[in-house]
Amino acid sequence: MSKDILKIAVVGGGGHVGLPLSLMLVESGFEVVIIDTDAAKIEKLKQGHFPFLEDGGPELLKKLKDNPRLKYSTTPGPISECHAIILTVGTPVDEHLNPRLSSVYAVIDQVRPFLRNGQVMILRSTLFPGTSEKIHQRLVSWGLEVGVSFCPERIAQGKALEEFRKLPQIISGSDARALETARRIFSSFAVEVTELNMTEAELAKLFTNTWRYLKFAVANQFYMVAESKGLDFYKIREAMTRLYPRAQDFPGAGFAAGPCLFKDAMQLEAFHRQNFTLGHAAMLINETLPEFLVEQAKREHRLNGLRVGILGMAFKADNDDNRESLAYKLRKLLVYENATVLCTDPFIQEAGFLPMEQVLESAQLLFIGCPHSAYRSIDWRGRTVVDCWGLTRQKK
Ligand SMILES: NC(=O)c1ccc[n+]([C@@H]2O[C@H](COP(=O)([O-])OP(=O)(O)OC[C@H]3O[C@@H](n4cnc5c(N)ncnc54)[C@H](O)[C@@H]3O)[C@@H](O)[C@H]2O)c1
């Protein structure tokens, strides 16, 4: 490979995965063009506004904003000038909980006219196992000598810039050149790179997320077992984990939500021909936690006509992302019970949301929908709170 500066196009480069990665690559000395069809987002980026919450993101964007090695485009044209193309677009599941591969193939079709022999396409989006190989076959069938590499993103949302330097990167490639390009790119910032073949790498990513999803399901199931018998889950958990090394990774209960864990567990289920009973059980537990909380509340409160507040609507603490947040499912269930639901979130501006103080003042019953740190300083005395996260019992 040439010793010149590598030019990289990041398709979906304005997104939660694409943007931190693009900036990291500029920091690492590469020339990067962020390609994103969301023109409003690109405009914001050009003006130096980081479009979502990401630790260190605004500062890094400010630093790199005028760097000549960082460019933007709303169309795929600049791809033809690049050595590598990194795809970071969303990969949802469909209404049957099967991977919606059409969205990835649509992007491949869009970039096709700008692909050139000798380039490498690095797939960073989470993919159904076997997809990278199929994409490679498609490129070959078009007569293109474009290598394919699958290198999964494994950061925790909001912590990418910190984790890039701490986590090993899994790399793979359809041939030695693709693998070498991936190695050159990711070893520029990662502590180490680990090599797998493309399908193994795809599966490693699904295993990573599903493992987390299963752990949360265990905690949520134990929470339901204890609380449905009138026992204090967190008191038991504290005793169980205290100075006991083999239980240190036992998580607290809470909504296992967001754009990744659920859908990746479902992708794994689809991969195993719908015979992934453990994943299916985890889905049933995690997705029904809001129902469990509402049923528990109904034991002691008549929800009909009650003013119920939900504190926190994002899918994870101290983040502004509400994609697939189960707090919205909780709201729906409470509305169904004819409660008057008052929602608040310090990071999300949405029609009908109220300031926290107003919700605290008028709600007769509170639910913690998302355990934002700001709620830790609330004086909970005299308030009735349904809190599966254990936030209200934590010391300040
Ligand atoms: N969010 C995470 O923390 C995280 C972590 C690991 C892996 N992933 C995976 O990464 C992928 C992307 O997730 P995300 O959260 O960054 O999604 P996102 O929605 O935040 O970002 C996707 C971006 O792609 C852009 N886009 C869509 N179609 C496009 C097109 N045709 N051309 C150019 N740009 C286009 C969108 O405008 C958006 O900015 C998914 O496969 C997801 O499972 C996400």
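Residues numbered from 1 in each chain as written. Predicted model: local features only at pLDDT ≥ 70, side-chain atom pairs only at ≥ 80, totals over all residues. Heavy atoms only, no water.

Here's the deal with the site of the ligand
Taken together, 26 residues surround the ligand, and among them His16, Asp36, Lys41, Thr91 and Lys263 come closest. In the environment of the ligand, a nitrogen atom lies 2.8 Å from a nitrogen or oxygen atom belonging to the side chain of Gln110. In terms of residue class, the shell around the ligand is built from seven nonpolar, 12 polar and seven charged. If you count residues domain by domain, the shell around the ligand takes at least three from each of domain 1 (7-196) and domain 2 (210-393). (Near = heavy atom within 4 Å. Polar contact = N/O pair within 3.5 Å; in protein donor to acceptor, adjacent residues only side chain to side chain. Nonpolar A, V, L, I, M, F, W, Y, C, P; charged D, E, K, R; others polar. Domains from an automatic or database assignment.)

What to know about the sheet that holds strand β12 (residues 385-386)
One open sheet accounts for four strands, arranged β10-β9-β11-β12; its pairing is parallel. The outermost strands of the open sheet, each flanked by one partner alone, are β10 (340-344) and β12. Taken together, the five bridges between strand β9 (residues 307-311) and β10 define a ladder with parallel strand orientation. The residue of β10 that forms the bridge with Val308 is Val341. (Pairing = 2+ DSSP bridges. Helix = DSSP H or I, 4+ residues; strand = E, 2+ residues; numbered from the N terminus.)

Quick word on the pattern of salt bridges
When their charged atoms lie close together, side chains carrying opposite charge are able to pair. One pass over the structure, following the stated rule, counts 20 salt bridges. A salt bridge links Arg124 to Glu153, with the nearest nitrogen and oxygen atoms 3.0 Å apart. Here Glu153 lies in the loop between β6 (147-150) and α6 (160-164) and Arg124 lies in the loop between β5 (120-123) and α5 (131-141), a separation of 29 residues in the sequence. Salt bridges sharing partners connect three or more residues here, namely Glu180, Arg183 and Glu195. (Salt bridge = Lys/Arg side-chain N within 4 Å of Asp/Glu carboxyl O.)

Some words on the domain arrangement of the protein
Frequently, the measure chosen for interface size is the accessible area removed from exposure when the parts meet. Structurally, the protein comprises domain 1 (7-196) and domain 2 (210-393). Relative to domain 2, the C-alpha centre of domain 1 lies at a distance of 32 Å. Area buried by domain 1 at its contact with domain 2 is led by Leu53, Leu97 and Gln157, which between them contribute 41% of it. Joining domain 1 to domain 2, the criterion identifies zero salt bridges. At the junction of domain 1 and domain 2, the tally comes to six residue pairs in polar contact (both at pLDDT 80 or more). Grouping the amino acids of the side of domain 1 that touches domain 2 by side-chain chemistry returns 10 nonpolar, six polar and no charged. (Buried area = accessible area lost by both parts, 1.4 Å probe.)

Observations concerning α5
Every buried residue of α5 is accounted for by Thr131, Ser132, Ile135, His136 and Leu139. The buried side chains of α5 occupy one side of the element, clustering within an arc of 140° when seen end-on. On its buried face, α5 sits against α4 (102-111), β5, β6 and α8 (198-228). Just beyond α5, the residue with positive phi is Gly143, at close to 80°. (Buried < 20%, exposed > 50% of the residue type's maximum accessible area, 1.4 Å probe, protein only. Arc of directions from axis to C-beta. Contact = heavy atoms within 4.5 Å.)

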